[in-house]
Amino acid sequence: MPADILPIAFSLTGPIPAAFLGTLSAGDLPVSLAASTQSGPGLGTYLLLVIAPMLLGLWAQFRVKSAFGRYSQVPVDSGRTGAETAQDILDAAGIRDVSVVEINGMLGDHYDPGAKRLCLSSEVYRTPSVAAVGIAAHEAGHAIQHARAYAPLGARMALVPVTMFASQMLPFVVMGGFFFQITGLIKLGVMCYGILAVFQLITLPVEFDASRRAKVILGEMGIVNAGPEAVGVNRVLDAAALTYVAAFVAALGNLLHLLLALRGRDSEE
Ligand SMILES: [Zn+2]
């Protein structure tokens, strides 16, 4: 799973570890509730900062899955599959050192900047659908970012090691903080969520820019017609964008909640 953090995954694939989303880890609930019993944040704050972002994330995931389900059934007139779309875009951009490969599994589309591989799930790779060309073009957008040294992508890649470490630490920090009520561990949790929040924040321009490029290129290259096809691509990519916003909001909410818990604790001592 940690290897999945490195590539820039399309969000509907969900390869972002649960801890990454900040709110979806099972170990998260106890410390938050434990913190609520202190003089720190109350239940209302907990619902607002932790539960609401989690629900937003689940709703976003649902929307992206339903948009994909719908538009993977709608063929494009150009007849280009995801694989052909990705290759066309790479060729047009003059990128020759990135390979387009098919990967197993339902979803899991991503661009791996380390290996310079554009990995597409079978359904995207083989199907000439609105959803498939949209996702393929989005991943090609990341390859273009990489080739053009797009600064936010560089920043995101630089943050990957520390972010992986923080996301792996989080379950232990949260569990330890709950069972032993150790203030130091909560501080460590604040640090972890701080790193995750920064990472999710820098991910936003990277993802928005990849989708923006995809929409423009698909129209320019005639892979997608203006009208219903373009609208479908927009729906799929915009739904995916919302999941990244939700992931950032979740990390930020958890960070604020832990900070409030810490403040309550400090004022007790
Ligand atoms: Zn992406």
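What you are looking at is a predicted structure, and each value in this text was computed from that prediction instead of being measured.

Q: Before we move on, could you go through helix α4 (residues 82-92) and cite the residues and values that matter?
A: Listed in full, the buried residues belonging to α4 are Gly82, Ala83, Thr85, Ala86, Asp88, Ile89 and Leu90. Summarising the contacts, the buried residues of α4 are in contact with β2 (99-103), β4 (117-121), α5 (122-126), α6 (130-147) and α8 (183-220).

Q: Describe the confidence of the model for the protein, listing the residues and the values that go with them.
A: Atomic detail in the predicted coordinates should be set aside for any region of low pLDDT. Averaged over every residue, the pLDDT of the protein is 85; the share at 70 or more is 82%. Throughout residues 1-7 the model reports pLDDT below 50, and contacts reaching past four residues in sequence, or to other chains, amount to 15 contacts.

Q: Lay out unusual backbone geometry with the relevant residues and their values.
A: Positive phi outside glycine occurs at Lys116, with the angle close to 50°. Within the secondary structure, Lys116 is located in the loop between β3 (110-112) and β4. Positive phi, normally seen in glycine, also occurs at Ala149, with a value near 55°. Along the chain, Ala149 falls in the loop between α6 and α7 (151-180).

Q: Any chance you could break down α8 for me, citing the residues and the numbers?
A: An α-helical segment advances 3.6 residues per turn. Residues three or four places apart therefore align on the same side. Compared with an ideal rise of 1.5 Å per residue, which puts 38 residues at 56 Å, α8 spans 56 Å between its outermost C-alpha atoms and is within 8% of the ideal. Phi turns positive one or two residues past the end of α8, at Gly222, with a value near 70°.

Q: Can you break down the pairing of β4 residue by residue, with the values?
A: In terms of residue burial, β4 counts as a mostly covered element, since four of its five residues are buried. Judged from the five bridges that link them, β2 and β4 form a sheet pairing that is parallel. Each bridged residue has a counterpart across the sheet, and for Ile103 the counterpart in β4 is Ser121. The pairing of β3 with β4 spans three bridges and is classified as antiparallel. Note that in β4 the partner of Asp112 across the bridge is Arg117. Counting the residues in the hairpin turn of β3 and β4 gives four residues, including Lys116, whose phi is positive at 50°.

Q: Would you mind going over the packing of α4 against α6 in detail, with residue names and values included?
A: At their nearest, the axes of α4 and α6 sit 8 Å apart, and the two run at 35° to each other. Judged by the sense of rotation from one axis to the other, the crossing of α4 with α6 is right-handed. For the pair formed by α4 and α6, the contact residues are Gly82, Thr85, Ala86, Ile89 and Leu90 on the first element and Ala132, Val133, Ile135, Ala136, Ala137, Glu139, Ala140 and Ala143 on the second. Classifying every residue of the contact of α4 with α6 by side-chain character gives 10 nonpolar, two polar and one charged.

Basis of the calculations
Residues numbered from 1 in each chain as written. Predicted model: local features only at pLDDT ≥ 70, side-chain atom pairs only at ≥ 80, totals over all residues. Buried ≥ 20, exposed ≤ 12 C-beta atoms within 10 Å, placed from the backbone. Helix = DSSP H or I, 4+ residues; strand = E, 2+ residues; numbered from the N terminus. Contact = placed C-beta atoms within 7 Å. pLDDT = per-residue confidence, 0-100. Expected span 1.5 Å × (residues − 1). Pairing = 2+ DSSP bridges. Axes fitted to C-alpha atoms, helices over the stretch in contact; angles between N-to-C directions. Left-handed = near helix turned anticlockwise from the far one by under 90°. Nonpolar A, V, L, I, M, F, W, Y, C, P; charged D, E, K, R; others polar.

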